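# Secondary and tertiary structure notes
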Amino acid sequence: IFSGMVLEMIGDIPDAEMKPPENVVFVCKLNPITQDEDLDIIFGRFGPCSSEIIRDRKTGDSLNYAFIEFETQEAAEAAYEKMNNVII
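Residues numbered from 1 in each chain as written. Predicted model: local features only at pLDDT ≥ 70, side-chain atom pairs only at ≥ 80, totals over all residues. Heavy atoms only, no water.

What follows covers the overall build of the protein chain. Helix and strand counts for the protein chain come out as three helices and three strands. Traced from its N-terminal end to its C-terminal end, the protein chain shows the element sequence α-β-α-β-β-α. Buried residues in the protein chain amount to 26% of all 88 residues. Of all intrachain contacts in the protein chain linking residues separated by at least 6 positions in sequence, the fraction that spans at least 24 positions is 50%. (Helix = DSSP H or I, 4+ residues; strand = E, 2+ residues; numbered from the N terminus. Buried < 20%, exposed > 50% of the residue type's maximum accessible area, 1.4 Å probe, protein only. Contact = heavy atoms within 4.5 Å.)

Here we take up a negative patch on the surface. On the surface, Glu22, Glu74, Glu77 and Glu81 cluster together into a patch of negative charge. Within the fold, glutamate 22 resides in the loop between helix 1 (2–9) and strand 1 (24–28). Judged by its relative accessible area of 54%, glutamate 22 is exposed. (Patch = residues over 30% accessible without salt bridge, like charges linked within 9 Å, V, L, I, M, F, W, Y side chains within 5 Å. Areas by Shrake-Rupley, 256 points an atom, 1.4 Å probe, with all protein chains shown as cover. Salt bridge = Lys/Arg side-chain N within 4 Å of Asp/Glu carboxyl O. Lys, Arg positive; Asp, Glu negative; His and termini not counted. Charge placed at Lys NZ, Arg CZ, Asp CG, Glu CD.)

In space, the three strands of this open sheet follow the order 1-3-2, with antiparallel pairing throughout. The sheet terminates laterally at strand 1 and strand 2 (49–55), the two strands that pair on one side only. Shown here is a sheet whose adjacent strand axes are inclined to one another by a mean of 20°, direction ignored. Where helix 2 (residues 36–43) meets the sheet, its contacts fall on strand 1, strand 2 and strand 3 (62–70), and the angle it forms with strand 2 comes to roughly 145°. (Pairing = 2+ DSSP bridges. Axes fitted to C-alpha atoms, helices over the stretch in contact; angles between N-to-C directions.)

Right, here's the structure in full:
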């Protein structure tokens, strides 16, 4: 909970008790050359999804993490189970 309060204080989230959507998967340690389209192909086998690599606002360079939003919670859970600790 402490980290949630810090995020609320710096304005990253509106409320420390806020929970992430159940249909979104967080992906980290991405290769800097990975593109959104690559993640759409990799994670699309679990169901329709859209990927968003988080980029530096000034340079546009990848920050090496992304969020994958699936149409259903079940697809997100399947992707998490199969892709957890997989190197992309």
